[in-house]
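The primary structure of each chain is shown beneath.
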Amino acid sequence: MKLILIFLSASLVNNFVFTYFLGICPFVGMSKRVETAISMGMATTFVMTLTGGITWLIETYILNYFGVPYLRYVAFIIVIASLVQFVEMYIRKTSPNLYKTLGIFLPLITTNCAVLGLALFAILRDYNFIESLAYGFGAGVGFTIAITIMAGIREELRFSDVPKAMQGPAITLMVAGLLALAFMGFSGFLTI
């Protein structure tokens, strides 16, 4: 039951994009088309899930064992960069069109602060290995939900009569703010 609560908390109640405002760069940059948003969300979910587990192992069996927790940021960034390289190579090999569509935003998962935030939050919350995996998967699903909802709204906005002064980034940020307010309605449902 606790794993389900961790998953729901990470994906809905404490959504990284709408609650912590982490991962805004790919959220805004890749939310123009639903298909692209889903692909980016799936790649990010994969990286976040593995990051949760691998960083827990590194923290527990290397950094704490040798008494070097001050190397946490460096170690976690190396893990994240390696995972993103793996995902990038896989997508380039299996789907060249998707690789071209994701463009520069695929390697930018490395610098997505949501992924590093996930690793650090899991350590702060003292999750075990399985809980860290559930937290990473939930955070990735939450990111996918957020970017897909935003992409769907942005696709519809292309056919709307938006005032000239509000077109482009202005309406995108206003919609993101409204979505953040909507997700704030989940706050208080779960405390993990």
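On a predicted model such as this, the values are computed, not experimentally measured, just so you know. (Residues numbered from 1 in each chain as written. Predicted model: local features only at pLDDT ≥ 70, side-chain atom pairs only at ≥ 80, totals over all residues. Heavy atoms only, no water.)

(A) Seen up close, the environment of Gly-136. With respect to the secondary-structure elements, Gly-136 resides in helix α7 (residues 129–157). On the basis of relative accessible area, Gly-136 is assigned to the buried category, the value being 0%. Here the alpha-carbon distance between Gly-136 and Leu-118, two residues 18 residues apart in the chain, equals 6.6 Å. Aside from chain neighbours lying at most four places away, what touches Gly-136 is Met-48, Thr-49 and Leu-118. (Helix = DSSP H or I, 4+ residues; strand = E, 2+ residues; numbered from the N terminus. Buried < 20%, exposed > 50% of the residue type's maximum accessible area, 1.4 Å probe, protein only. Contact = heavy atoms within 4.5 Å.)

(B) Representation of the confidence of the model for the chain. Looking at the chain as a whole, the pLDDT averages 91, with 98% of positions reaching at least 70. The spread of mean pLDDT over the elements of the chain runs between helix α5 (residues 96–102), the lowest at 84, and α7, the highest at 96. (pLDDT = per-residue confidence, 0-100.)

(C) Region of the structure containing the nonpolar core. With 52 residues, the main nonpolar core has Phe-16, Phe-18, Phe-27, Ile-109 and Tyr-135 as its most contacted residues. Secondary structure elements with two or more residues in this core: α1 (2–13), α3 (34–66), α4 (72–94), α6 (113–124), α7 and α8 (169–184). When sequence neighbours within four positions are dropped, the list of residues in contact with Ile-109 reads Met-40, Ala-43, Thr-44, Val-47, Ile-80, Val-84 and Val-115. (Core = buried A, V, L, I, M, F, W, Y, C linked by side-chain atoms within 4.5 Å.)

(D) Inspection of α6 at higher detail. Across its twelve residues, α6 extends 16 Å between first and last C-alpha, which sits within 8% of the 16 Å expected from 1.5 Å per residue. Of all the residues in α6, the buried ones are Ala-114, Val-115, Gly-117, Leu-118, Ala-119, Leu-120, Ala-122 and Ile-123. Elements that come into contact with the buried residues of α6 comprise α3, α4 and α7. Its side-chain oxygen 3.0 Å from the backbone nitrogen of Ala-114, Asn-112 forms the N-cap of α6. Of the residues one or two after α6, Asp-126 is the one with positive phi, at around 60 degrees. (Expected span 1.5 Å × (residues − 1). Polar contact = N/O pair within 3.5 Å; in protein donor to acceptor, adjacent residues only side chain to side chain.)

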